[in-house]
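Structure at a glance
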Amino acid sequence: MAGALVGVLAVLSVLVTTLVLDKPKYLGASTTFVRAAGLIEASVDAEHVAQNAYFTSKKVKVDWQMLFVVGIFIGAFVSARLGASSKLETVPPIWKDRFGTSAVTRAMGAFIGGCILLFGARMAGGCPSGHGLSGNMQLAVSGLLALVFFIIGGIFTARLVYGKGGA
Amino acid sequence: MEQILGLITGVLFGFLLQKGEVLRYERQVGFMLLKDMTIIKFMFSAVLVGMVGIYALHGAGVISLSLKATHVAAIVLGGLLFGVGWAIAGYCPGTSVGALAEGRVHAVWAILGMLVGAALYAEVYPVLTNTILSWGNYGKITLPQMLGVSPWLVIIVFIAVGLGMFYWFEKKEL
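The helix and strand tally for chain A stands at 9 helices and 0 strands. If you list the helices and strands of chain A from N to C, you get α-α-α-α-α-α-α-α-α. The principal-axis extents of the C-alpha atoms in chain A amount to approximately 50 × 45 × 35 Å. The buried share of chain A, taken over its 167 residues, is 56%. Relative to all contacts within chain A whose residues are 6 or more apart in sequence, the contacts with residues 24 or more apart total 51%. Summed over all atoms, the accessible surface of chain A reaches about 6,900 Å², with 69% contributed by carbon and sulfur. With 14 positive and 7 negative side-chain charges, chain A shows a separation of 10 Å between the mean positions of the two kinds.

Our focus in this paragraph is the packing of aromatic side chains. Pairs of aromatic rings are described using the distance from one ring centre to the other and the angle between the two planes. All chains considered together, the criterion is met by 13 aromatic pairs over all chains. Between Tyr162 of chain A and Tyr25 of chain B the ring centres are 6.4 Å apart and the planes differ by 85°, which places this aromatic pair in the edge-to-face class. Linking Tyr162 of chain A in helix α9 (residues 141-162) with Tyr25 of chain B in helix α2 (residues 25-32), this pair reaches from one chain into another. Taking relative accessible area as the criterion, Tyr25 of chain B reaches 0% and is therefore assigned buried. Taking the centre distance of 5.7 Å and the plane angle of 40° together, the rings of Phe82 of chain B and Trp86 of chain B count as tilted. Here the residue Phe82 of chain B and the residue Trp86 of chain B both occupy positions in helix α4 (residues 72-89), the gap between them amounting to 4 residues, near one helical turn. The class for Phe82 of chain B is buried, based on a relative accessible area of 0%. Exposure remark for Trp86 of chain B: the relative accessible area of 6% places this residue in the buried category. Each residue in the set Tyr54 and Phe119 of chain A together with Tyr121 and Tyr125 of chain B is aromatic and connected to the rest through ring pairs, giving one cluster. Sitting above the plane of the Trp95 of chain A ring, Arg106 of chain A keeps its charged end 4.8 Å from the centroid.

Contacts between the two partners involve 110 residues from chain B, matched on the other side by 118 residues from chain A. When the two sides are added together, the surface that chain B and chain A hide from each other amounts to roughly 9,700 Å², 77% of it contributed by carbon and sulfur. A per-residue breakdown of the area chain B buries against chain A is headed by Glu2, Phe13 and Lys68 of chain B, which together make up 7% of the total. Where chain B packs against chain A, one counts 3 salt bridges. With its nearest N and O atoms 3.0 Å apart, the salt bridge here joins Glu89 of chain A to Arg104 of chain B. Joining chain B to chain A, the criterion identifies 30 residue pairs in polar contact (both at pLDDT 80 or more). Secondary structure elements with two or more residues in the side of chain B that touches chain A: α1 (2-19), α2, α3 (38-59), α4, α5 (93-101), α6 (107-130), α7 (143-147) and α8 (151-172) of chain B.

It is worth spelling out α8 of chain B at this point. Residue and element names in this part refer to chain B. With 22 residues, α8 should reach 32 Å at 1.5 Å per residue; the first-to-last C-alpha distance of 31 Å fits that figure. Val154, Ile155, Gly162 and Phe169 are the residues of α8 that are buried. The buried residues of α8 occupy one face: seen down the axis, they fall within an arc of 95°. Seen from the open side of α8, the exposed residues pointing more than 90 degrees away from its buried face are Ile156, Leu163, Tyr167 and Lys171. In the core, the buried residues of α8 are packed alongside α3 and α7. A side-chain oxygen of the first residue of α8 lies 3.0 Å from the backbone nitrogen of Trp152; this N-cap is Ser150.

Definitions and cut-offs
- Residues numbered from 1 in each chain as written.
- Chains lettered and ligands numbered in written order.
- Predicted model: local features only at pLDDT ≥ 70, side-chain atom pairs only at ≥ 80, totals over all residues.
- Heavy atoms only, no water.
- Helix = DSSP H or I, 4+ residues; strand = E, 2+ residues; numbered from the N terminus.
- Buried < 20%, exposed > 50% of the residue type's maximum accessible area, 1.4 Å probe, protein only.
- Contact = heavy atoms within 4.5 Å.
- Areas by Shrake-Rupley, 256 points an atom, 1.4 Å probe, with all protein chains shown as cover.
- Lys, Arg positive; Asp, Glu negative; His and termini not counted.
- Charge placed at Lys NZ, Arg CZ, Asp CG, Glu CD.
- Phe/Tyr/Trp six-rings, centres within 6.5 Å; stacked < 30°, edge-to-face > 60°.
- Lys NZ or Arg CZ within 6 Å of the ring centre and 35° of its normal.
- Buried area = accessible area lost by both parts, 1.4 Å probe.
- Salt bridge = Lys/Arg side-chain N within 4 Å of Asp/Glu carboxyl O.
- Polar contact = N/O pair within 3.5 Å; in protein donor to acceptor, adjacent residues only side chain to side chain.
- Expected span 1.5 Å × (residues − 1).
- Arc of directions from axis to C-beta.

Structure representation (structure tokens):
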């Protein structure tokens, strides 16, 4: 049900942004990590960011999508509080079964995984939001191809890393 | 105005992601271990509803599409790499932020890793543009364009396949 409502939200977002901003905004998240990384790097070495072809092509700025990603945090926070379903978690169960209770090991796994996945998402041109949701809603060839390979890579790696995942 | 609309849309999206229980590492990795279909049911529901709405409005000439180019080599390799990281991190970019808000503090390490991954990608991008990004680029195309059929035919097939999958998942209690 929540999934179907995301479909409605995605269509409404495209409609409203077309009418108000005169350009459609389809849901997406991974480019925000590029812009955020660019903003952080620019605070140290602005020249380097200004000369990088990828940062300049993505325009390092606080845009619609960055606020969209900030909004995800707020919306999830409010929903978890209202529904009393917040859960403090440092090591999730499947990880614990395989790698033990160390929060440091889990932190390293999450960090390395995050690093690889965002690199891959940018090479593929999007993540499960931009390709998976928005691409497939538009019946894009790129969206379907990306989603299929996200899933193949994920299933293969999960089996390799977690085995059959315990019980 | 652009930022305000982004924020409102994000709040609603985050709310629905949390309600759908897809912000959990267990759900994401559970899907990759083929034990829990929550996230795929969530995504398919969104996509099936979305494609009807997008093509209804597009057909009426109200909205335009915003397609991503079909760089086959980059999508296949980048997609596989994404999958590798996704299985280890247990989050994708959108869900990582929501998971942190839900109290899953280990998501913060995934978010920091993503920022580093983005910075690394920016550094190697010039090399990729002349190699992998230029291999097998078919441009911004849709499935109905590629197949030479009406989008509604493709949508009907997707809905039939989607409903079949939902039925199968229910039967298997996934």
